[in-house]
Amino acid sequence: MITAERKPLEEIIEYIKPFKRILLLGCNECVTVCSAGGRKEVGLLASGLQMARLKSGTDIEIQQHTLERQCDPEYVEEIVSMIDGADAVLSMACGCGVQQLAMRYKEIPVFPAVNTKFMGASERQGVWAERCQGCGDCLLGITGGICPISRCAKQLMNGPCGGSTTGKCEISEDVDCAWQLIWDRLKALGLTERYLDIMPAKDWRSGGGSGPRKIIREDLAE
């Protein structure tokens, strides 16, 4: 799941400072799950912006709407009738949604209201931890389902560094050593021979360094 956090209110206010009619859009997918940009958060942000403008003595009109997804063009088309009544769009979706809106509605400025953080998993209610960086070359089949790219502070490919102590990372005693987790997992699965294999240095070109990435499913593409 893509995780996000709402930007500071002051930053959002600065974005929309010159505009009086705002279309505030939420997204009913990832940002709803992590309580950053769903229908509830849209309402809270709208109230905060209206109060801020009231204090500054300037008018603002905010139209609220939450799309099923902002990253898909068919849902983005829903707001065609709303665009003419707005001076700017404020999106509470991840960066993918913001860019989809900006690409479709080139005649109007689109601003982000959240900071996209990472792809994460829920540890418990209200807590999400980074588990994937979308590097384009998944190693989970080798490392027992635990990612050294997202979970090792140094992104080491072949075992822990010298700073690992009693299974904890040197950056904090609250952070597990990723390679200790990998070893424990491989041991539990009876696959410790995989630990002996030397993995080559990560080729980050597959992670987007050579340009924008695109996946085309021939059975779905028109």
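As the structure is a computational prediction, the values presented were derived from the model and not from experiment.

A.B. asks: Give a description of the side chain of Thr 3 that names residues and reports values.
C.D. replies: Along the chain, the position of Thr 3 falls in strand β1 (residues 2-6). Given a relative accessible area of 5%, Thr 3 falls into the buried group. Not counting residues within four places of it along the chain, the set of residues in contact with Thr 3 comprises Cys 34, Asn 115, Thr 116, Lys 117, Phe 118, Gly 120 and Trp 128.

A.B. asks: With reference to specific residues and values, describe the sheet that holds strand β3 (residues 61-67).
C.D. replies: Read across the open sheet, the 4 strands follow the order β3-β2-β4-β5; overall the sheet is parallel. Of all strands in the sheet, those with a lone pairing partner are β3 and β5 (110-112), marking the two edges. Averaged over all pairs of adjacent strands, the angle between strand axes in this sheet comes to 25°, irrespective of strand direction. The pairing of strand β4 (residues 88-91) with β5 spans 3 bridges and is classified as parallel. Among the inter-strand pairings, Ser 91 is bridged to a residue of β5, identified as Pro 112. Contacts between helix α3 (residues 39-56) and the sheet are confined to β2 (21-27), β3 and β4, with β3 contributing the most and set at about 170° to the helix. Across the face of the sheet, helix α6 (residues 95-104) comes into contact with β2, β4 and β5 while running at roughly 175° to β5.

A.B. asks: Tell me about the pattern of salt bridges, residues and numbers included.
C.D. replies: Under the definition given, this model contains 9 salt bridges. Of the charged contacts, one joins Lys 7 and Glu 11 as a salt bridge, the two residues approaching to 2.9 Å between their closest N and O atoms. Glu 29 is the partner of Arg 69 in a salt bridge, and the nearest nitrogen-oxygen pair spans 3.4 Å. In this pair, Arg 69 is assigned in the loop between β3 and α4 (73-76) and Glu 29 in the loop between β2 and α2 (30-33), connecting sequence segments 40 residues apart. Of the residues examined, Glu 29 reaches a relative accessible area of 28% and is grouped as partly exposed. Bridged by salt links that share partners, the residues Glu 29, Arg 69 and Asp 72 form one connected network.

A.B. asks: A description of the sheet that holds strand β7 (residues 127-132) should follow, citing residues and the corresponding values.
C.D. replies: Spatial ordering of the open sheet is given by β1-β6-β7, a layout of 3 strands whose pairing is antiparallel. In this open sheet, the two strands that pair with only one neighbour each are β1 and β7. Pairwise comparison of adjacent strand axes, ignoring direction, gives a mean angle of 70° for this sheet.

A.B. asks: Help me get a handle on α3, residues and values and all.
C.D. replies: Under the 1.5 Å per step criterion, the end-to-end length of α3 is 26 Å for 18 residues, consistent within 8% with the ideal 26 Å. Of the positions making up α3, those classed as buried are Glu 41, Val 42, Leu 45, Ala 46, Gly 48, Leu 49 and Arg 53. The buried side chains of α3 occupy one side of the element, clustering within an arc of 165° when seen end-on. Facing away from the buried side of α3 by over 90 degrees, the exposed positions are Lys 40, Leu 44, Met 51, Leu 54 and Lys 55. Close packing links the buried residues of α3 with β1, α1 (9-15), β2, β3 and β4. Of the residues flanking the end of α3, it is Gly 57, one or two places downstream, whose phi is positive at about 75°.

Parameters and conventions
- Residues numbered from 1 in each chain as written.
- Predicted model: local features only at pLDDT ≥ 70, side-chain atom pairs only at ≥ 80, totals over all residues.
- Heavy atoms only, no water.
- Helix = DSSP H or I, 4+ residues; strand = E, 2+ residues; numbered from the N terminus.
- Buried < 20%, exposed > 50% of the residue type's maximum accessible area, 1.4 Å probe, protein only.
- Contact = heavy atoms within 4.5 Å.
- Pairing = 2+ DSSP bridges.
- Axes fitted to C-alpha atoms, helices over the stretch in contact; angles between N-to-C directions.
- Salt bridge = Lys/Arg side-chain N within 4 Å of Asp/Glu carboxyl O.
- Expected span 1.5 Å × (residues − 1).
- Arc of directions from axis to C-beta.

None of this, on its own, says anything about what the molecule does.
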